[in-house]
Amino acid sequence: PAWGALLREARAFRGALGSVPRVVALVKSLTATGGGVDGGGGDGGNLDESLQRARAEAKAWIAAASTWGDRLAAAFPGYRDAVEPLQLAVLEIRRGLALTLACAKDPSRDARTADAARGKVAPDVAYASASAAAAHLLSFPPLRLSSTRGLSAAALLSSPTTQRAIGAVETVAAARDALA
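The residue count restarts for each chain, going from 1 along the sequence in the order it is written. Owing to the predicted nature of the model, reporting of local features is limited to residues with pLDDT of at least 70; listing and counting of side-chain atom pairs is limited to 80 or more, with chain, interface and lining totals taken over all residues. Working from all heavy atoms in the structure, the side-chain values ignore hydrogens and water.

Attention now goes to the confidence of the model for the protein. On a scale of 0 to 100, pLDDT captures the predictor's confidence in every residue. In this model, the protein carries an average pLDDT of 74, and 60% of its residues clear a pLDDT of 70 or more. The secondary-structure element of the protein with the lowest mean pLDDT is helix α5 (residues 111–118), recorded at 54, while helix α1 (residues 2–15) shows the highest, at 90. Considering only residues more than four positions removed or in separate chains, one finds that residues 33–42, a stretch of pLDDT under 50, has 18 contacts. Two residues qualify as a contact provided that any one of their heavy atoms is within 4.5 Å of a heavy atom in the partner residue. In this model, residues 143–148 is a region of pLDDT below 50 whose contacts with residues beyond four sequence positions or in other chains number ten contacts. Where helices and strands are cited, they refer to DSSP runs of H or I of at least four residues and of E of at least two residues respectively, numbered from the N terminus.

Structure below.
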């Protein structure tokens, strides 16, 4: 029945799109070719080319993983207790990859434009944004497989509002760490 199909689907994801070597290689390509805080080094032309490829692959992976999770929920509605942990695990991988992508150097973006934009948000505005985001996150019901509103934990965590709130808190935390 459907249980066997769900297991095959999970194994197929783990063996292809979600394989550990593939995800690790993708993260390494984003960080080893100029990502991270110091921006890396090396040959500018080849570096920019490989970074663009890595960034494109990461964006495609994030989109494909999202589609896989949505398809899983639609295909196996009677197996919510098994589907939600799979979706949540994929959400965590997507989030980590999205953060790595956000930190990786973007050769298509002009560094001077990025530097000029950084100084335009006053610290008090950034902290107010983070406070609002934290209030949103703290308004969540206790984390269970299903909440009192009938939404799953995976659905709550993947909502655009929650992702924006988490992003705002992470941005302010990164800015504070940089100042420390």
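This is not the end of the story, as more comes after the structure.
Aromatic contacts are taken between Phe, Tyr and Trp rings whose centres are within 6.5 Å, Trp giving its six-membered ring; a plane angle under 30 degrees counts as stacked, one over 60 as edge-to-face, and the others as tilted. Following the criterion strictly, the structure yields three aromatic pairs and no others. Geometrically, the ring pair formed by Trp 3 and Tyr 79 is tilted, given 5.8 Å between the ring centres and 40 degrees between the ring planes. Linking Trp 3 in helix α1 with Tyr 79 in the loop between α3 (44–75) and α4 (80–103), this pair joins segments that are 76 residues apart in sequence. The buried label goes to any residue with under 20% of its type's maximum accessible area, the exposed label to any with over 50%, and the partly exposed label to all in between, with areas taken from a 1.4 Å probe on protein chains only. The partly exposed category is assigned to Tyr 79, whose relative accessible area is 24%. With a centroid separation of 4.2 Å and an interplanar angle of 25 degrees, the aromatic rings of Phe 13 and Trp 68 are classed as stacked. Taken together, the residues span a long stretch of sequence, with Phe 13 in helix α1 and Trp 68 in helix α3 at a distance of 55 residues. Here Trp 68 falls in the buried class, since its relative accessible area comes to 7%. A connected cluster of aromatic rings, assembled from ring pairs, spans Phe 13, Trp 61 and Trp 68.

So, about helix α2 (residues 20–32). A rise of 1.5 Å per residue sets the reference length of α2, with its 13 residues, at 18 Å; its end C-alpha atoms lie 17 Å apart and thus fit the reference within 8%. Considered for burial, the residues of α2 that qualify are Val 23, Leu 26 and Leu 30. Projected down its long axis, α2 carries its buried residues within an arc of 60 degrees, all on one side. The exposed set on the far side of α2, more than 90 degrees from its buried face, consists of Val 20, Pro 21, Lys 28 and Ala 32. Multiply 1.5 Å by the residue count of a helix minus one, and that product is the helix's expected span. To be clear, the arc concerns the directions from the helix axis to the C-beta atoms.

Our next topic: the packing of α2 against α4. At a minimum axis separation of 9 Å, α2 and α4 run at an interaxial angle of 15 degrees. Judged on the interaxial angle alone, α4 and α2 are roughly parallel. By crossing handedness, the relation of α2 to α4 is classed as left-handed. In this structure, α2 uses Val 23, Leu 26, Val 27, Leu 30 and Thr 31 to contact α4, whose residues at the interface are Ile 93, Leu 97, Thr 100 and Leu 101. Only C-alpha atoms enter the line fits that serve as axes; for helices the fit covers just the stretch in contact. Angles between N-to-C directions range over 0 to 180 degrees. An angle counts as roughly parallel when it lies under 35 degrees, as roughly antiparallel when it exceeds 145, as roughly perpendicular when it falls between 65 and 115, and as oblique in every other case. In this scheme the handedness of a crossing depends on how the near helix is turned from the far one: anticlockwise by less than a right angle means left-handed, clockwise means right-handed.

Where α1 contacts α4, the axes come no closer than 12 Å and their chain directions differ by 10 degrees. In terms of their interaxial angle, α1 and α4 are classed as roughly parallel. For the pair α1 and α4, the contacting residues are Trp 3, Leu 6, Ala 10 and Phe 13 in the first and Ala 82, Val 83, Leu 86 and Val 90 in the second.

What follows concerns the pattern of salt bridges. Salt bridges are counted wherever a side-chain nitrogen of Lys or Arg sits within 4 Å of a carboxyl oxygen of Asp or Glu. Tallied over the entire structure, the rule returns three salt bridges. Glu 9 is paired through a salt bridge with Arg 71; the nearest N and O atoms lie 2.9 Å apart. Remark: Arg 71 occurs in helix α3 and Glu 9 occurs in helix α1; sequence separation between them is 62 residues. For Glu 49, the salt bridge goes to Arg 53, with nearest N and O atoms at 3.6 Å. Taken as a pair, Glu 49 and Arg 53 lie in helix α3 at a separation of four residues, close to a single helical turn. Accessibility expressed as a relative area gives 47% for Glu 49, which makes it partly exposed.

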